[in-house]
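Analysis of the macromolecular model
Here are the chains, one letter per residue:
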Amino acid sequence: MTTTAHSHLYVGKTAQLSRTVSSDDISLFTDISGDRNPIHYDPAAAKASRFGEIVVQGGVTSAILNAVVAEELPGPGSVFLNVNWDFVAPVRPGDVITGIVEVTEVRTDKPITKIKTKVVRGDGIVVLEGTAVCYTMAMDAEKG
């Protein structure tokens, strides 16, 4: 059985996921990316920066949006075609972050969806905001 790629989508539909960011996320992201910026590791360097303490890489912050898009909205089979994100506040180990997406446009000729995106810390501060365009491939439900 094949599912329709995006027939369940409509303008205004939202989805969100939350997770707690850890120091391990910094290490794991460093292994993937090679980003060894001292503000992620060195307490003295981080304290001397405008952030005042250790902050996680932007890729760790934005990764929650990958999860929302792939798991929730538009859902399985979705990939980013374009992202336009502003990182407006830091995320630190121990912070709970919530990725939120809202459908702003659903194309009828192609399985393409435009979404508004944001990531919010547990204290209510928006740390990332912007937009993205997703393409959603129909997935064979029997293959999982």
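These lines cover the structure that appears in this document, whether it is placed above or below. Remember, it's a predicted structure, so these values are computed and weren't measured experimentally. (Residues numbered from 1 in each chain as written. Predicted model: local features only at pLDDT ≥ 70, side-chain atom pairs only at ≥ 80, totals over all residues. Heavy atoms only, no water.)

1. A look at the layout of surface pockets
- For the largest pocket, the calculated volume is near 240 Å³.
- Considering the residues around the largest pocket, the lining is formed by 15 residues, among which Phe 51, Val 56, Phe 87, Ala 89 and Pro 90 are closest to the centre.
- Residues of the lining of the largest pocket, tallied by class, amount to 10 nonpolar, four polar and one charged. (1 Å grid on protein atoms, 1.4 Å probe; cavity = no way out; pocket = protein on both sides within 12 Å on 5 of 7 lines; lining within 4 Å. Points joined across faces, edges and corners; volume = space filled by probe spheres on them. Nonpolar A, V, L, I, M, F, W, Y, C, P; charged D, E, K, R; others polar.)

2. Some words on the pattern of salt bridges
- Under the definition given, this model contains six salt bridges.
- Of the charged contacts, one joins Arg 19 and Asp 25 as a salt bridge, the two residues approaching to 3.0 Å between their closest N and O atoms.
- You can call Arg 19 partly exposed: its relative accessible area is 31%.
- Here Glu 105 ties to Lys 114 by a salt bridge, and the two come within 3.6 Å at their closest N and O atoms.
- Of the residues examined, Glu 105 reaches a relative accessible area of 34% and is grouped as partly exposed.
- According to the relative accessible area criterion, Lys 114 is partly exposed, its value standing at 36%. (Salt bridge = Lys/Arg side-chain N within 4 Å of Asp/Glu carboxyl O. Buried < 20%, exposed > 50% of the residue type's maximum accessible area, 1.4 Å probe, protein only.)

3. Details of the environment of Leu 9
- Note that Leu 9 resides in the segment before strand E1 (14–20).
- Sequence-wise, Leu 9 and Gly 75 are 66 residues apart; in three dimensions their C-alpha atoms are separated by 9.8 Å.
- Beyond its immediate chain neighbours, meaning those up to four positions away, Leu 9 contacts Leu 73, Pro 74, Val 103, Val 106 and Thr 113. (Helix = DSSP H or I, 4+ residues; strand = E, 2+ residues; numbered from the N terminus. Contact = heavy atoms within 4.5 Å.)

4. Regarding the side chain of Thr 136
- The residue Thr 136 is located in strand E5 (residues 126–136) in this model.
- Overall, the relative accessible area of 1% leaves Thr 136 in the buried class.
- Among the polar contacts made by the side chain of Thr 136, one reaches the side chain of Ser 78 at a distance of 2.8 Å. (Polar contact = N/O pair within 3.5 Å; in protein donor to acceptor, adjacent residues only side chain to side chain.)

5. So, unusual backbone geometry
- Leu 73 connects to Pro 74 through a cis peptide bond whose omega is 5°.
- Looking at the secondary structure, you find Pro 74 in the loop between helix H3 (58–71) and strand E2 (78–87).

6. Examining the sheet that holds E5
- What the five strands build is an open sheet, ordered E1-E3-E4-E5-E2; its pairing is antiparallel. At either end of the open sheet lies a strand with only one pairing partner, and these are E1 and E2. If you compare each strand with its neighbour and ignore which way they point, the axes differ by 20° on average.
- Two strands pair when backbone bridges link them, and E2 and E5 are joined in this way by nine bridges, in the antiparallel orientation. Its bridge partner being in E5, Trp 85 is matched across the sheet by Gly 130. (Pairing = 2+ DSSP bridges. Axes fitted to C-alpha atoms, helices over the stretch in contact; angles between N-to-C directions.)

7. Re the side chain of Ser 62
- Looking at the secondary structure, you find Ser 62 in helix H3.
- Those residues in contact with Ser 62 that sit more than four places away from it in its chain are Trp 85, Phe 87 and Leu 128.

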